[in-house]
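Overview (structure and organization)
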Amino acid sequence: MDGMSAAAKPATAVVAGSKVPRHVGIIMDGNGRWAAARGLPRALGHKAGAEAARRTIEAAGEAGIGWLTLFAFSSENWRRPADEVQDLTLLLRHYLSHEVSRLVKEGVRLRVIGERERFGPDLLRAILRAEEATEGGTRLNLNVALSYGGRAEIVTAAREIARRAAAGRLDPESVDEECFGSFLGTAGMPDPDLIIRTSGEQRLSNFLLWQSAYAEFVFQDVLWPDYGASHLAAACGEYARRDRRYGARAA
Ligand code: FPP
């Protein structure tokens, strides 16, 4: 933990120079611990986490990051106690209906990846409305991963490919990496260059498994509700210093 609250820090530009990651994925971790450290209910940790998400989206837009994917609810999060699942669902619905005008103003295009149907009709409607309202955004593409799991996404793609092949609508020989990727929730999007996880944990937890094959990983020792522009700047600075070789030999 670096002590200073994100709100107290200046919104510094993310990186000087040209090695700005095109696509950043963030595993937002530590809401519960943040709340526990303050004697607050977990729901208030998630609420503060939504504010950190707002700050980070704004900072990503300012930094010229083209794509940002936030892991807001994993397939495994359904196993949490029912009241926490309900708190998270209500928070997401509130966010989706109240943040849309701000996203439009900031030029953000929002898309949801994951099994959105599992949240029921109300949240589903809010997702569709938010996606439609922000369709014209060109400054930042924001993906919110909801009821998302990388393995489930890969299995769904494989099943659909098998179905089409069995029906004679797809030649199995034509299935290559590009074709496979076009059956994922991230079809048409660039792979993440940088994956960030907060709270000091160092795991991928089923996030963008296929897509992060060549991503750089940065683990930051800050609880998500404290996250802000300066932390994103630090992660992007670390990324800019790395030498990405994609399996090739060092020059
Ligand atoms: C991990 O903290 C965080 C989550 C499971 C939920 C993430 C949701 C938000 C940040 C709010 C909504 C986001 C948007 C985009 C509106 P944890 O509960 O696992 O924390 P812990 O590991 O300290 O218990």
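Provided above is the structure to which this section pertains.
Here's a quick rundown of the structure. (Residues numbered from 1 in each chain as written. Predicted model: local features only at pLDDT ≥ 70, side-chain atom pairs only at ≥ 80, totals over all residues. Heavy atoms only, no water.)

**Topic: the side chain of Asn143**
Stated precisely, the cut-off is as follows: Numbering of helices and strands runs from the N terminus, with a helix taken as a DSSP run of H or I at least four residues long and a strand as a DSSP run of E at least two residues long. We call two residues in contact when some of their heavy atoms are within 4.5 Å.
Along the chain, Asn143 turns up in strand 4 (residues 140-148). Setting aside chain neighbours within four positions, we find Asn143 in contact with His23, Trp67, Leu68, Thr69, Leu70, Arg111 and Met189.

**A closer look at the sheet that holds strand 5 (residues 194-198)**
Hydrogen bonds between backbone groups are what pair the strands of a sheet, and the pairing can be parallel or antiparallel. The condition that has to hold: Strands qualify as paired when DSSP identifies two bridges or more between them. Only the stretch in contact is used when fitting a helix axis, every axis being a line fitted to C-alpha atoms; angles between N-to-C directions are given from 0 to 180 degrees.
The strand order 3-4-2-1-5-6 describes an open sheet built from 6 strands, whose pairing is parallel. Since the sheet does not close on itself, it has two edges, and those belong to strand 3 (108-113) and strand 6 (216-220), each with one partner. Averaged over all pairs of adjacent strands, the angle between their axes in this sheet comes to 20°, without regard to strand direction. Pairing geometry for strand 1 (residues 23-27) and strand 2 (residues 67-74), over 5 bridges, is parallel. Within strand 2, the residue paired with Val24 across the bridge is Leu68. Contacts from helix 2 (residues 42-63) reach strand 1, strand 2, strand 3 and strand 4, with the element oriented near 165° to strand 2. Those strands touched by helix 5 (residues 121-133) are strand 3 and strand 4, and its axis lies near 145° from that of strand 3.

**Some words on the environment of Leu208**
Our working definition: The cut-offs for exposure are 20% and 50% of the maximum accessible area for each residue type, with area from a 1.4 Å probe on protein chains only; residues under the lower value are buried, those over the upper are exposed, and the others partly exposed.
Residue position: Leu208 is located in the loop between strand 5 and strand 6. Among the residues examined, Leu208 registers a relative accessible area of 1% and is labelled buried. When the C-alpha atoms of Leu208 and Val175 are compared, they prove to be 20 Å apart, with 33 residues separating the residues in sequence. Aside from chain neighbours lying at most four places away, what touches Leu208 is Thr69, Ile113, Tyr148, Thr186, Pro192 and Ile195.

**Focus on the nonpolar core**
Note the threshold: By convention a nonpolar core is built from buried Ala, Val, Leu, Ile, Met, Phe, Trp, Tyr and Cys residues, the set being connected through side-chain atoms within 4.5 Å.
Within the largest apolar cluster, 43 residues are counted, with the highest numbers of intra-cluster contacts made by Ile57, Leu68 and Leu142. The element best represented in this core is helix 2, accounting for 6 residues. With near-sequence residues (within four places) excluded, Leu142 lies in contact with Ile57, Leu68, Leu70, Leu103, Val108, Arg109, Leu110 and Arg111. Ranked by size, the runner-up nonpolar core spans 9 residues in total, among them Ile113, Ile195, Leu208 and Ala215.

**Comments concerning the pairing of strand 6**
What you see with strand 6 is a clean split: Glu216, Val218 and Gln220 sit on the buried side and Phe217 and Phe219 on the side with no burial. Relative to strand 6, strand 5 runs parallel, the two being bridged by 5 bridges. Across the sheet, residue Leu194 finds its bridge partner in strand 6, namely Glu216.

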